[in-house]
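# Working through the structure, step by step
Here is how the chains run, residue by residue.
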Amino acid sequence: MREVRIRFSKTGQAKYISHLDINRAFQRAFTRAHLNLWYTEGFNPHPYMSFSLPLSLGVESLCENVDIRITDEMSNAQIKERMNSVLPEGLSVVDVYSDFLDSKEIVYSDYVYKFEFSDNDAALERIRDVLEADEILALKKGKKGKKRILKETDIKQFIVKYNLSIRGEYIVLNIRLFAGPEKNLNPSLLFDTIIRLIDMDFEYKEISRISLLTGDLKEYK
């Protein structure tokens with residue numbers, strides 16, 4: 001038995017697949033690819049699978065990771081080839097590693113946001129004003145006793161750096177956010193907060209995670 005990490009991309013319509021369904025899709029793909037996984041012991045055995053920092057619905061990614069334990073004598077190249085032959089459209093194995101970092105090493109995540117508005121110039125200035133403000137108040141779901149409420153939370157502290165520009169027909173926001181187990185900002189919450197604060201209707205949006213980084217800014221693998 002050995003443990004490997006599969007890095008995969010989630011693009012196109014696959015970004016609308018929930019994390020639970022991604023898990024199921026990979027379990028089916030492992031079976032179809034004839035990969036024999038190690039199963040947990042106990043009354044309810046199941047294949048060992050561990051995802052690193054899964055994303056919320058509607059966000060594309062070029063750097064998703066799932067760790068598995070296999071009992072086959074199979075090379076990483078064979079695993080990649082077999083999985084890509086059976087995965088559904090939008091899911092694709094980028095690489096397979098035998099030596100990799102613990103998920104606790106994740107500290108930052110880089111994203112690319114694309115927006116389109118009826119007036120991109122005006123929207124650009126409003127978005128810049130939001131990002132440059134001393135605080136950015138998001139509305140997060142919470143509880144007060146048994147009652148569900150919305151609580152204001154300053155998410156400015158989770159933004160490391162950003163670049164904002166107009167490229168063609170889109171406003172493009174390249175942004176680095178804190179991520180990982182200690183400090184983490186949901187990219188969808190940032191998008192919703194920006195749209196609420198600029199008070200403009202968007203005509204198009206796209207959010208993509210392009211990399212995960214360690215505390216010393218090395219690529220998480």
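The structure contained in this document is the topic of the report that follows.

Rules behind the numbers
Residues numbered from 1 in each chain as written. Predicted model: local features only at pLDDT ≥ 70, side-chain atom pairs only at ≥ 80, totals over all residues. Heavy atoms only, no water. Helix = DSSP H or I, 4+ residues; strand = E, 2+ residues; numbered from the N terminus. Contact = heavy atoms within 4.5 Å. Areas by Shrake-Rupley, 256 points an atom, 1.4 Å probe, with all protein chains shown as cover. Lys, Arg positive; Asp, Glu negative; His and termini not counted. Charge placed at Lys NZ, Arg CZ, Asp CG, Glu CD. Phe/Tyr/Trp six-rings, centres within 6.5 Å; stacked < 30°, edge-to-face > 60°. Buried < 20%, exposed > 50% of the residue type's maximum accessible area, 1.4 Å probe, protein only. Pairing = 2+ DSSP bridges. Salt bridge = Lys/Arg side-chain N within 4 Å of Asp/Glu carboxyl O. Core = buried A, V, L, I, M, F, W, Y, C linked by side-chain atoms within 4.5 Å.

If you tally the helices and strands in the chain, you get four helices and ten strands. Reading the chain from its N end, one meets helices and strands in the order β-α-β-β-α-β-β-α-β-β-β-β-α-β. Overall, the chain is about 60 × 50 × 30 Å in size when its C-alpha atoms are taken along their principal axes. Considering only contacts within the chain whose residues lie at least 6 apart along the sequence, 73% involve residues at least 24 apart. Of the roughly 12,400 Å² that the chain leaves accessible, carbon and sulfur atoms contribute 46%. Taken as two groups, the 33 positive and 34 negative side-chain charges of the chain have centres that lie 6 Å from each other.

The relative placement of two aromatic rings is captured by the distance of their centres and the angle of their planes. Across all of its chains, the model carries eleven aromatic pairs by this definition. On the numbers, 5.2 Å between centres and 35° between planes, the contact of Tyr-170 with Tyr-204 is tilted. Here Tyr-170 is found in strand 9 (residues 170-178), whereas its partner Tyr-204 is found in strand 10 (residues 204-214), with 34 residues between them in sequence. You can call Tyr-204 partly exposed: its relative accessible area is 28%. Among the aromatic residues, those joined into a ring-pair cluster are Tyr-111, Tyr-113, Phe-115, Phe-117, Phe-191 and Phe-202.

Most of strand 10 is tucked away: eight of the eleven residues are buried. Both strand 3 (residues 60-70) and strand 10 contribute to a ladder of two bridges, which runs parallel. By the bridge assignment, Ser-61 is partnered in strand 10 with Arg-209. The pairing of strand 5 (residues 106-116) with strand 10 spans ten bridges and is antiparallel. Following the sheet pairing, Ser-109 is matched in strand 10 by Leu-212.

Looking now at the pattern of salt bridges. Throughout the structure, instances matching the rule amount to eight salt bridges. We note a salt bridge from Arg-24 to Asp-21, for which the minimum N-O separation is 3.1 Å. With Arg-24 and Asp-21 both in helix 1 (residues 19-32) and three residues apart, this pair spans about one turn of that helix. Residue classification places Arg-24 among the partly exposed positions, given a relative accessible area of 42%. On the basis of relative accessible area, Asp-21 is assigned to the partly exposed category, the value being 34%.

The nonpolar side chains of soluble globular proteins are, as a tendency, buried together. Formed by 33 residues in total, the largest nonpolar core has its most connected members in Tyr-113, Phe-117, Ile-127 and Leu-190. Elements supplying a minimum of two residues to this core: strand 5, helix 3 (120-132), strand 8 (159-167), strand 9, helix 4 (187-198) and strand 10. A total of six residues in this core trace back to one element, the largest contributor, which is helix 4. Not counting residues up to four positions away in its chain, the partners in contact with Ile-127 are Phe-115, Phe-117, Leu-164, Ile-171, Ile-194 and Ile-198. With 24 residues, the next largest nonpolar core counts Val-4, Ile-6, Ala-25 and Leu-37 among its residues.

On to the environment of Gly-90. Considering the arrangement of structural elements, one finds Gly-90 in the loop between helix 2 (76-84) and strand 4 (91-97). Considering only alpha carbons, one finds Gly-90 and Gln-13, 77 residues apart in sequence, at a separation of 6.4 Å. Residues contacting Gly-90, with those up to four places away along its chain left out, are Ser-9, Lys-10, Thr-11 and Ala-14.

Attention shifts here to unusual backbone geometry. The phi dihedral of Asp-199 is positive, around 55°, even though this residue is not glycine. Its place among the elements puts Asp-199 in the loop between helix 4 and strand 10. One non-glycine residue with positive phi stands out, namely Leu-217, at about 65°. Checked against the element boundaries, Leu-217 lands in the segment after strand 10.

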